[in-house]
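# Examination of the molecular architecture
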Amino acid sequence: MDDKIVLTGIKPTGTPHMGNYIGALKPLIEMSQNHKTFMFIADLHALNSVHDAKEIKQHTYEIAALMIAMGLNLENTVLFRQSDIDEIYKLSNFLMNVTPKGLMNRAHSYKAYVEKNTEIGADVDAGVNMGLYTYPVLMAADILLYNSDIVPVGKDQKQHVEFARDIAGYFNNTYGETFKLPEPIIGSDAGLIPGLDGRKMSKSYDNTIPLFAPSGELKKKIMRIITDSKTPDEPKNPDESTIFQLYKFFADENEIAELREKFIAGGMGYGTAKTILFEKVDSVLATPRAEYERLMANPSEIDAILANGAERARAVASKTIAKVKKKMLG
Ligand code: TRP
């Protein structure tokens, strides 16, 4: 076991689909097997865009149930709900006082609003609430509260982890050595999972495949994957096929090699390839899907796991807050 502390947050803004699982969640579950990991559902981060409590709660359960059903190592992992730790509100507020406003002005997500507003001639800050504007401070608080060394994130979050380093540095310069400087690690596969139409699988393209849909629905979706118009007889390029790309994430090496061969040789229609993909995905997901459904039907079991995580997280968080308060207020 590596003794570095790994931490990451997952924002509960949608039901996780196959692309989220392969690109972001599966690597985290793998990492949990041999790292001490803090993993939380970032419900406070969802608040700047989702103003419906029921929705946030539902997605929180879905993410937790998915991670548990897919084999997250709950001994190594402290799995909790961000909002359950009161210390997070405190640290976030303390850090506001060493964070330059100009740093927030440079955040990609905020800048995207400013650019869009400028383009349409609106006030630059139209549609921007303070939750969105100060999002990187809350995220820095998440990272620094638990003494994290490594923060695995998607490419779009790299800047936020760099900001957390910057903010830790400002604090240390002002109050003396207090926080470790965290490192982002960016998943290499992130963004490469194709959806039904071949573009990146994303809710905003409406091309997603659900992870835990019933078999019939999963099959229907897979059969809708868009292909080129090659006839069954023609040889096909596996590396340009969404079917093959998805198959690679569920099959073993021999099976992958076998399907690659069939693509190249010709004589297999896309319909057959889709059936092979469906059968593989359906069989790999059968057991975790049953466990996911069981957990979703018993949310008190999820609550108990999250409560246990919160207790373990609080033990670390309270020490950090005591230290910070002493440095800032004496
Ligand atoms: N902002 C991240 C996202 O949108 C989620 C997140 C919140 C996070 N706090 C974090 C990720 C701390 C890593 C570390 O995906």
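Residues numbered from 1 in each chain as written. Predicted model: local features only at pLDDT ≥ 70, side-chain atom pairs only at ≥ 80, totals over all residues. Heavy atoms only, no water.

So, on to the environment of Ala322. Mapped onto the elements, Ala322 comes out in helix α14 (residues 299–329). Considered as a pair, Ala322 and Glu87 are 235 residues apart in the sequence and their alpha carbons are 9.7 Å apart. (Helix = DSSP H or I, 4+ residues; strand = E, 2+ residues; numbered from the N terminus.)

The next thing to look at is the packing of helix α4 (residues 87–96) against α14. Put simply, α4 and α14 touch, their axes get as near as 10 Å, and they point 30° apart. Comparing the axis directions of α4 and α14 gives the class roughly parallel. Judged by the twist between their axes, the crossing of α4 over α14 is left-handed. Side by side, α4 and α14 meet where Glu87, Lys90, Leu91 and Phe94 of the first sit next to Arg314, Ala317, Ser318, Ile321, Val324, Lys325, Met328 and Leu329 of the second. The class makeup of the residues in the contact of α4 with α14 is seven nonpolar, one polar and four charged. (Axes fitted to C-alpha atoms, helices over the stretch in contact; angles between N-to-C directions. Parallel < 35°, antiparallel > 145°, perpendicular 65-115°, else oblique. Left-handed = near helix turned anticlockwise from the far one by under 90°. Contact = heavy atoms within 4.5 Å. Nonpolar A, V, L, I, M, F, W, Y, C, P; charged D, E, K, R; others polar.)

For the rest of this paragraph, the subject is the nonpolar core. Met18, Leu66 and Met67 are the most contacted members of the largest nonpolar core, which has 49 residues in total. Sorting the residues of this core by element identifies α1 (18–31), β2 (35–41), α3 (53–69), α10 (215–223), α11 (242–247), α12 (253–265), α13 (270–297) and α14 as the ones contributing at least two each. Built from parts of two domains, this core gets at least three residues from each of domain 1 (2–192 + 299–329) and domain 2 (212–292). With sequence-adjacent residues up to four places away left out, Met67 is seen in contact with Ile10, Leu25, Leu28, Ile29, Met39 and Leu72. Of all hydrophobic cores here, the second largest spans 46 residues; its members include Leu132, Met139, Tyr146 and Phe179. (Core = buried A, V, L, I, M, F, W, Y, C linked by side-chain atoms within 4.5 Å. Buried < 20%, exposed > 50% of the residue type's maximum accessible area, 1.4 Å probe, protein only. Domains from an automatic or database assignment.)

The subject of this paragraph is the domain arrangement of the chain. Each assigned domain of the chain is listed with its residue range as follows: domain 1 (2–192 + 299–329) and domain 2 (212–292). In this assembly, nine residues from domain 1 lie in contact with nine residues from domain 2. When domain 1 packs against domain 2, close to 900 Å² is buried across both sides, 82% of that on carbon and sulfur atoms. The largest contributions to the domain 1 side of the interface with domain 2 come from Met18, Ile22 and Ala69, which together make up 49% of the buried area. (Buried area = accessible area lost by both parts, 1.4 Å probe.)

Moving on: the site of the ligand. His45, Tyr135, Met139, Asp142 and Gln157 are the nearest of the 14 residues found near the ligand. In the model, a nitrogen atom of the ligand is placed 2.6 Å from a nitrogen or oxygen of the Tyr135 side chain. Between a nitrogen atom of the ligand and a side-chain N or O atom of Gln157, the distance comes to 2.9 Å. Considering the ligand on its own, with 370 Å² of exposed area, one finds that the protein chains cover 90% of that surface. Going through the elements one at a time, β1 (2–10), α8 (135–145) and β4 (150–153) are the ones with two or more residues in the shell around the ligand. For the shell around the ligand, the element with the highest residue contribution is α8, accounting for four residues. Here the residues of the shell around the ligand sort into eight nonpolar, four polar and two charged. (Near = heavy atom within 4 Å. Polar contact = N/O pair within 3.5 Å; in protein donor to acceptor, adjacent residues only side chain to side chain. Areas by Shrake-Rupley, 256 points an atom, 1.4 Å probe, with all protein chains shown as cover.)

Evaluation of the coordinates by the stated rule reveals twelve salt bridges. The partner of Arg199 in a salt bridge is Asp197, and the shortest N-O contact between them spans 3.0 Å. Assessed through its relative accessible area of 43%, Arg199 is described here as partly exposed. Under the relative-accessibility criterion, Asp197 is labelled partly exposed at 27%. With a closest N to O distance of 3.0 Å, Glu291 and Arg294 form a salt bridge. Pair noted here: Glu291 and Arg294 are both in helix α13, with a separation of three residues, about one helical turn. Given the relative accessible area of 35%, Arg294 is considered partly exposed. One network of salt bridges, in which partners are shared, links Arg81, Asp84 and Asp303. (Salt bridge = Lys/Arg side-chain N within 4 Å of Asp/Glu carboxyl O.)

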